Amino acid sequence: MIAMRFRVPERQLGEPMGMLEFEGELYLDARASDPREMGWMGGAPPPDDKRITFERGRYLNFPQMRWSLSHMRELAGTVNVWRGGAARRRSSVAKEPRESTRSLSST
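Bear in mind that the values here come from a model prediction, so they are computed numbers and not experimental data. (Residues numbered from 1 in each chain as written. Predicted model: local features only at pLDDT ≥ 70, side-chain atom pairs only at ≥ 80, totals over all residues. Heavy atoms only, no water.)

Participant: Help me get a handle on the packing of aromatic side chains, residues and values and all.
Facilitator: In the structure shown here, the tally under the stated rule is two aromatic pairs. Judged by centre distance (6.5 Å) and plane angle (75°), the ring pair of Tyr27 and Phe62 falls under edge-to-face. A residue pair is termed long-range when its members are at least 10 positions apart, and Tyr27 in strand E3 (residues 25-28) and Phe62 in the loop between helix H1 (35-38) and helix H2 (64-68) qualify at 35 residues. On the basis of relative accessibility, which here comes to 35%, the residue Tyr27 falls in the partly exposed class. Ring geometry for Phe54 and Tyr59: centres 4.2 Å apart, planes at 80°, overall edge-to-face. A relative accessible area of 28% means that Phe54 is categorised as partly exposed. It is Lys50 that lies over the ring of Trp40; its NZ or CZ is 5.1 Å from the centre. (Phe/Tyr/Trp six-rings, centres within 6.5 Å; stacked < 30°, edge-to-face > 60°. Helix = DSSP H or I, 4+ residues; strand = E, 2+ residues; numbered from the N terminus. Buried < 20%, exposed > 50% of the residue type's maximum accessible area, 1.4 Å probe, protein only. Lys NZ or Arg CZ within 6 Å of the ring centre and 35° of its normal.)

Participant: How would you sum up the pattern of salt bridges? Please name residues and give values.
Facilitator: All chains considered together, the criterion is met by three salt bridges. In this structure, Arg36 engages Asp34 in a salt bridge whose closest nitrogen and oxygen atoms are separated by 3.2 Å. In this structure Asp34 comes out as buried when scored by relative accessible area, which is 17%. Shared partners join several salt bridges into a network, and the residues in it are Asp48, Arg51 and Arg56. (Salt bridge = Lys/Arg side-chain N within 4 Å of Asp/Glu carboxyl O.)

Participant: Can you tell me about unusual backbone geometry, naming the residues and giving the values?
Facilitator: Looking along the chain, the bond that leaves Ala44 and enters Pro45 is cis, with omega of -5°. Within the element layout of this structure, Pro45 appears in the loop between H1 and H2. Omega for the bond connecting Phe62 with Pro63 falls within 30 degrees of zero, at 10°, which places this linkage in the cis form. By secondary structure assignment, the location of Pro63 is in the loop between H1 and H2. A positive phi is found at Met41, a non-glycine position, where the angle reads about 55°. Examined against the element boundaries, Met41 turns out to sit in the loop between H1 and H2.

Participant: Lay out the pairing of strand E2 (residues 19-22) in plain terms, naming residues and giving numbers.
Facilitator: Where burial is concerned, the two faces of E2 differ: the one with Met19 and Glu21 is buried and the one with Leu20 and Phe22 is not. Across four bridges, E2 lies against E3 in antiparallel orientation. When the bridges of E3 are listed, Glu21 appears paired with Leu26. Linkage of E2 to E3, two consecutive antiparallel strands, is achieved through a turn of two residues, within which Glu23 is found at a positive phi near 50°. (Pairing = 2+ DSSP bridges.)

Participant: Summarise the nonpolar core; cite the residues concerned and give the values.
Facilitator: Within the largest apolar cluster, eight residues are counted, these being Met19, Leu28, Ala32, Met38, Trp40, Ile52, Trp67 and Leu75. Discounting residues that sit within four places of it in the chain, Trp67 has contacts with Pro35, Trp40, Met41, Ile52, Glu74 and Leu75. (Core = buried A, V, L, I, M, F, W, Y, C linked by side-chain atoms within 4.5 Å. Contact = heavy atoms within 4.5 Å.)

Here is the structure:
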């Protein structure tokens, strides 16, 4: 079991900031690590210290990861794949349970 404690240290501006402690390490809580509150990628262009890119390698570091996972298509080149104009084919997965699972019961 992971020991978890909730601490509220003071920010420089005097506002409380939520922190969680896991195995001796302090992490920002959900509210304190909100990408909007942190200012990630805000402005045009974003300030250098608030910019998240693949090249810098910070996109999967916490708390930048909270912004990155919601904006992955903006970070990496992706494309929509056309699957043809025909109607969708039926799945080849069997509708009936396999013989080996018929004798199983659930409670």
